[in-house]
2 protein chains.
Amino acid sequence: MTPARGDHEARRTEVSEAVWRVLSTRGFEGLTLRAVAAEMGATTGLLTHYFPSKKALVAHALDVLDRRSLARPRRLAPADGGPPPPEGLARLRAALLDVLPLDAPGRAGNRIWVGSWDVALADPELSEAHAARYARARGLLTECVETARRLGELPAGPPAAEVAAAAQAFVLGLVVQALFAPAEFPARRQTELLDAYLAQLTAGAGAGGRAGGVAGEGAGAGASSA
Amino acid sequence: MTPARGDHEARRTEVSEAVWRVLSTRGFEGLTLRAVAAEMGATTGLLTHYFPSKKALVAHALDVLDRRSLARPRRLAPADGGPPPPEGLARLRAALLDVLPLDAPGRAGNRIWVGSWDVALADPELSEAHAARYARARGLLTECVETARRLGELPAGPPAAEVAAAAQAFVLGLVVQALFAPAEFPARRQTELLDAYLAQLTAGAGAGGRAGGVAGEGAGAGASSA
């Protein structure tokens, strides 16, 4: 790597961090070339060298978000090389927990992600990318539901894709609630709400709902009536 | 009303409609004094007479959204003076259906509402107002759950407030999915997903789940295993 290229990479990293800081506090609405330049102590002119427009800056911000999301330890694919969770219900739970703002990085990432919806809905290209991302996630959840049914962890019922769509709706909405009322929705309550949701799904399965064993605290609430 | 005042009111209405049109297509990110002025065929100078800052414009936009939401016919409080739905489960269903983007006005309102989250999360005052709004809605849903339990429509289980929070999470997330993938989430599928959700809640209630009678099509899916 030539020094020039190294400089360029270092500067892009610096820009990415400034973008992240601006988004965390001011959201996409406050993401301007001027704000990022000020955050870096640089000129707007220098920044336009990297990002000629606000749209380029927004696209970059979403890339940064993607990379940061992949970098933080996740239950579904632990960064420490630990074993991924088993298939079926446990995997479904891990995938859904990964979405929630349970810790500071999760809150920051979700705040930015939720903030991106306004910009994305106004731009067909970004909107399509967001929709594709959610569709992929639903595909993964659908597989988990199908496997959980084969394992007897979830009862037969509506199409697996519908169970997956409902579960995705549930966690997306929980993210929004937790962002607006973090004191009312601490990590423990989010987890309990998710486990109660999963317990409802498992009600009626072979063993009378195995989520209790998987979910730990809170599981069983809601399934007690089955 | 003096002519001057009438002019002022007429102008404010004109501004509100321009704000609505800008928000519907470009979101809060695209809501600038310049964009609204252009939409009205007016000068930015004239507009700053009404709204000295972007923040004032955003606050006004949220007011417009509130008024429009109240104005459109809603199941929970029909504008045509028809009878409100009965208490309990039917009322819970009506309140949740009212949130979903089931028609064009519902889509426009939700697109703008979801778009407001980025701006609101960056502003403590707006954020608090949003949180208070959601807390009020949860309070209403909690009452519905309590009544439904008294009526034997919902089984005993976790605290009613938790059932309400979960139901709110579910519809909020469904709104987001439907906005990004309207073709995949037409009104019928949204309604079916909600009814399947309610059927899960009613599983185990006295009559084996009364939601079937309330919810019509799609209800019963998910409860069949109870």
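Look above for the structure.
This report concerns the structure included in the present document.

The rules behind these values
- Residues numbered from 1 in each chain as written.
- Chains lettered and ligands numbered in written order.
- Predicted model: local features only at pLDDT ≥ 70, side-chain atom pairs only at ≥ 80, totals over all residues.
- Heavy atoms only, no water.
- Contact = heavy atoms within 4.5 Å.
- Buried area = accessible area lost by both parts, 1.4 Å probe.
- Salt bridge = Lys/Arg side-chain N within 4 Å of Asp/Glu carboxyl O.
- Polar contact = N/O pair within 3.5 Å; in protein donor to acceptor, adjacent residues only side chain to side chain.
- Helix = DSSP H or I, 4+ residues; strand = E, 2+ residues; numbered from the N terminus.
- Nonpolar A, V, L, I, M, F, W, Y, C, P; charged D, E, K, R; others polar.
- Core = buried A, V, L, I, M, F, W, Y, C linked by side-chain atoms within 4.5 Å.
- Buried < 20%, exposed > 50% of the residue type's maximum accessible area, 1.4 Å probe, protein only.

1. Observations regarding the interface of chain A and chain B
Taken together, the contacts link 48 residues of chain A with 48 residues of chain B. Summing both sides of the interface, chain A and chain B together bury roughly 4,000 Å²; the carbon and sulfur share of this comes to 62%. One can count 6 salt bridges joining chain A with chain B. Note that B:R138 and A:E184 form a salt bridge whose closest N and O atoms lie 3.2 Å from each other. Run the count over chain A and chain B and you get 14 residue pairs in polar contact (both at pLDDT 80 or more). The set of elements that each furnish at least two residues to the side of chain A that touches chain B consists of α1 (3-26), α6 (104-121), α7 (124-150), α8 (160-180) and α9 (187-202) of chain A. Among the elements that line the side of chain A that touches chain B, the one with the most residues is α8(A), at 14 residues. By residue class, the composition of the side of chain A that touches chain B is 27 nonpolar, 12 polar and 9 charged.

2. Side note on the nonpolar core
Ranked by size, the top nonpolar core spans 138 residues in total, and within it A:L31, A:W117, B:L31 and B:W117 carry the most contacts. Excluding anything up to four places from it in sequence, B:L31 contacts B:V19, B:V22, B:L23, B:V36, B:K54, B:L57, B:V58 and B:A61.

3. Details of the environment of A:T142
Residues and elements named next belong to chain A. Relative to the helices and strands, T142 resides in helix α7. Look at T142 and you get buried, because its relative accessible area is 14%. Put simply, T142 and A164 are 22 residues apart on the chain and 5.1 Å apart in space, counted from C-alpha to C-alpha. Apart from the residues lying within four places of it in its own chain, the contact partners of T142 are A160, A161 and A164. For T142, the side chain forms a polar contact with the main-chain oxygen of R138, separated by 2.7 Å.

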